[in-house]
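Each chain, letter by letter, is given below.
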Amino acid sequence: MNIFTRSEFQEPRTRSVSDRPADAAGLKEALRTLGGGVSVITAGDGAERTGATVTSATALSVEPPRMLVSLNRSSSTWPVVERYGHFAVNVIGADHQDVANRFAGIGGLRGAERYVGSEWTRLASGAPVLEGAVAVLDCEVEEAIERHSHVILIGRVLSIRIGDGSSLLYQNGKYYALT
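From a predicted model like this one, the values you see are computed outputs, not experimental measurements.

1. So, a nonpolar patch on the surface
- On the surface, a cluster of nonpolar side chains totalling about 320 Å² of accessible area is made up of L27, L31 and L34.
- For L31, the position within the fold is in helix 2 (residues 24-32).
- You can call L31 partly exposed: its relative accessible area is 48%.

Written out as structure tokens, the structure reads:
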């Protein structure tokens, strides 16, 4: 894992400039350069539990409290969120990088298998919540907007849990923890 200090983020970086086509591959390459907080989106119950690692979770509004998450419509997570009408945004810290990897599909685990090896509980919505997460935003689906390859979820925040630590960041295929 790479650890960055504040001063390292302020240093100018030189890189070669290269134009890319405005297609899926070019967009993916450009977005990999955008660092984002790592969250695991969880949903379901029992054998139907599933989830996905995302960097797309963000606040839509604070008044009223609403979260916005983008999920691929072809993922195994979207049908479970749609069926149960809930999801939890589990903000991942450096101590749970293994959880982020499992829910990203690294190692080939699917569905409820991804939950093995960590402690989980539930809050108001009933979505699985990671014990020891940096923060958890427990949501019920307020609206789901299907566009192109993804669904944009707007979640009404039902409960919030704040833990310890700093969130894990992801950029250019690597995890980073801020100190």
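There's more to say after this.
2. Description of the sheet that holds strand 10 (residues 135-147)
- An order of 4-3-7-10-11-6-5 is seen for the 7 strands of this open sheet, with the pairing classed as antiparallel. Each edge of the open sheet carries a strand with a single partner, namely strand 4 (50-54) and strand 5 (58-62). The sheet shows a mean angle of 30° between the axes of neighbouring strands, direction not considered.
- Of the pairings in the sheet, the one linking strand 3 (residues 39-43) to strand 4 comprises 5 bridges and is antiparallel in character. Directly across from T42, in strand 4, lies its bridge partner G51.

3. A short note on the packing of aromatic side chains
- By the definition in use, this model includes 4 aromatic pairs.
- Considering the side-chain rings of F103 and Y115, the 5.0 Å spacing of their centres and the 85° angle between planes classify their relative orientation as edge-to-face. Note that F103 is positioned in helix 4 (residues 97-103) and Y115 in the loop between helix 4 and strand 8 (120-122), a separation of 12 residues in sequence.
- Taking relative accessible area as the criterion, F103 reaches 2% and is therefore assigned buried.
- One aromatic cluster is present, formed by F103, Y115 and W120 through successive ring pairs.

4. Things to note about the pairing of strand 6 (residues 65-72)
- Across 4 bridges, the pairing between strand 5 and strand 6 is antiparallel. The residue of strand 6 that forms the bridge with T58 is L68.
- The loop that links strand 5 with its antiparallel partner strand 6 comprises 2 residues.
- Note: strand 6 against strand 11 (residues 150-162), 7 bridges, orientation antiparallel. In the strand pairing of strand 11, L71 is matched with V151.

5. Describing the pattern of salt bridges
- A full pass over the atoms with the stated rule returns 8 salt bridges.
- For R83, the salt bridge identified is with E48, shortest N-O distance 3.5 Å. Residue R83 is found in helix 3 (residues 77-84), and its partner E48 is found in the loop between strand 3 and strand 4; the two are separated by 35 residues along the sequence.
- Taking the relative accessible area as the measure of exposure, E48 reaches 35% and is therefore partly exposed.
- The partner of R102 in a salt bridge is D98, and the shortest N-O contact between them spans 3.4 Å. Of this pair, R102 and D98 both sit in helix 4, 4 residues apart, which is roughly one turn of that helix.
- Assessed through its relative accessible area of 12%, R102 is described here as buried.
- Look at D98 and you get partly exposed, because its relative accessible area is 38%.

6. Structural notes on the confidence of the model for the chain
- On average, residues of the chain carry a pLDDT of 91, and 92% of them reach 70 or more.
- Under a pLDDT of 50 for its full length, residues 4-10 has, in the predicted model, 10 contacts with residues more than four places off or in other chains.

Rules of the game
- Per chain, the residues get numbers from 1 upward, laid out in the order the sequence is written.
- Since the coordinates come from a predicted model, pLDDT governs what is reported: local features require at least 70, and pairs of side-chain atoms require 80 or more to be given and counted, while whole-chain, interface and lining totals use all residues.
- Hydrogens and water are ignored here; the side-chain numbers use all heavy atoms of the structure.
- Each patch is built from salt-bridge-free residues with over 30% relative accessible area, joining like charges within 9 Å and nonpolar side chains (Val, Leu, Ile, Met, Phe, Trp, Tyr) within 5 Å.
- A 1.4 Å probe and the Shrake-Rupley method give the accessible areas. Residues count as covered only by the protein chains that appear here.
- Think of a salt bridge as a Lys or Arg side-chain nitrogen and an Asp or Glu carboxyl oxygen that are within 4 Å of each other.
- In DSSP terms, a helix is any run of H or I states spanning at least four residues, a strand is any run of E spanning at least two, and both are numbered starting from the N terminus.
- When accessible area is computed with a 1.4 Å probe and restricted to protein chains, residues below 20% of their type maximum are described as buried, those above 50% as exposed, and intermediate ones as partly exposed.
- Paired strands, in this sense, are two strands between which DSSP finds at least two bridges.
- Each axis is a line fitted through C-alpha atoms, and for a helix only the stretch in contact is used; angles between axes span 0 to 180 degrees, taken between their N-to-C directions.
- Ring pairs shown here join Phe, Tyr and Trp side chains whose ring centres sit within 6.5 Å, with only the six-membered ring taken for Trp; geometry is labelled stacked below 30 degrees between planes, edge-to-face above 60, and tilted in between.
- Every residue gets a pLDDT, meaning the predictor's confidence in that residue, from 0 to 100.
- For this analysis, residues touch if any pair of their heavy atoms sits within 4.5 Å.

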